[in-house]
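Residue-level structural notes
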Amino acid sequence: MRSVNRIAPLHAVQAYQTFSISQRPDVLVRAACQQVGCAAWLRGWETTLDESTDLGRQQAEYVRTKAGRTFREMRTEAGLTVFRFDSGQRCFAEHSTNPETYGVRDGDWRGNPTGRARQHARPADWVEDFGEHQLRIADQQQKG
């Protein structure tokens, strides 16, 4: 393991806050197309089915009656059925992602003297908190 090269801190550990984004490598959760940047969700997609087979008929029936997605139906010259699905709707694949944790705690690498720590539920909240913290630091530096 590589040793960590840290700059010697100028202040006591209580003067710092640590903002972190972490992932547990052993956790996967089901995710929506939008969360994982699914190409079908972004651009739409086509599904071509051969309704001359039992499987093709069953799949076409599912798309028409139970899928709950917006589509246009067409036929090819070869007699196949093409379903063209609009973008912005869930595809038929099951997606998963490794969730991130957005944390903030008092202290730095030397420890957390107050024991105060919290997790933001949304990445945007963490970014806002981080930005406000940076503004407080800038204001303190300007005041001297």
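In this section: the packing of aromatic side chains. On inspection of all chains with the given rule, the structure shows 11 aromatic pairs. When the centroid spacing of 5.1 Å and the interplanar angle of 80 degrees are considered together, the rings of Phe-19 and Phe-130 count as edge-to-face. Of this pair, Phe-19 sits in strand E1 (residues 17–23) while Phe-130 is found in helix H4 (residues 123–143), placing the two residues 111 residues apart along the sequence. Residue class for Phe-19 comes out buried when judged on its relative accessible area of 15%. Owing to a relative accessible area of 30%, Phe-130 belongs among the partly exposed residues under this scheme. Note on Phe-71 and Phe-83: the rings are 5.3 Å apart at their centroids and 80 degrees apart in plane angle, and the pair reads as edge-to-face. Of this pair, Phe-71 sits in strand E4 (residues 71–75) while Phe-83 is found in strand E5 (residues 81–85), placing the two residues 12 residues apart along the sequence. Take Phe-83: its relative accessible area is 0%, and that puts it in the buried class.

When a protein is soluble and globular, its nonpolar side chains tend to lie buried together. If you look at the biggest cluster of nonpolar residues, it comprises 10 residues: Cys-33, Cys-38, Ala-40, Trp-45, Leu-49, Ala-60, Val-63, Phe-83, Phe-85 and Cys-91. For this core, the elements supplying multiple residues, two or more each, are strand E3 (45–49), helix H3 (54–65) and E5. Ignoring anything within four residues of it in the chain, the contact list for Cys-91 reads Cys-33, Cys-38, Ala-40, Trp-45 and Arg-69.

What counts, and at which threshold
Residues numbered from 1 in each chain as written. Predicted model: local features only at pLDDT ≥ 70, side-chain atom pairs only at ≥ 80, totals over all residues. Heavy atoms only, no water. Phe/Tyr/Trp six-rings, centres within 6.5 Å; stacked < 30°, edge-to-face > 60°. Helix = DSSP H or I, 4+ residues; strand = E, 2+ residues; numbered from the N terminus. Buried < 20%, exposed > 50% of the residue type's maximum accessible area, 1.4 Å probe, protein only. Core = buried A, V, L, I, M, F, W, Y, C linked by side-chain atoms within 4.5 Å. Contact = heavy atoms within 4.5 Å.

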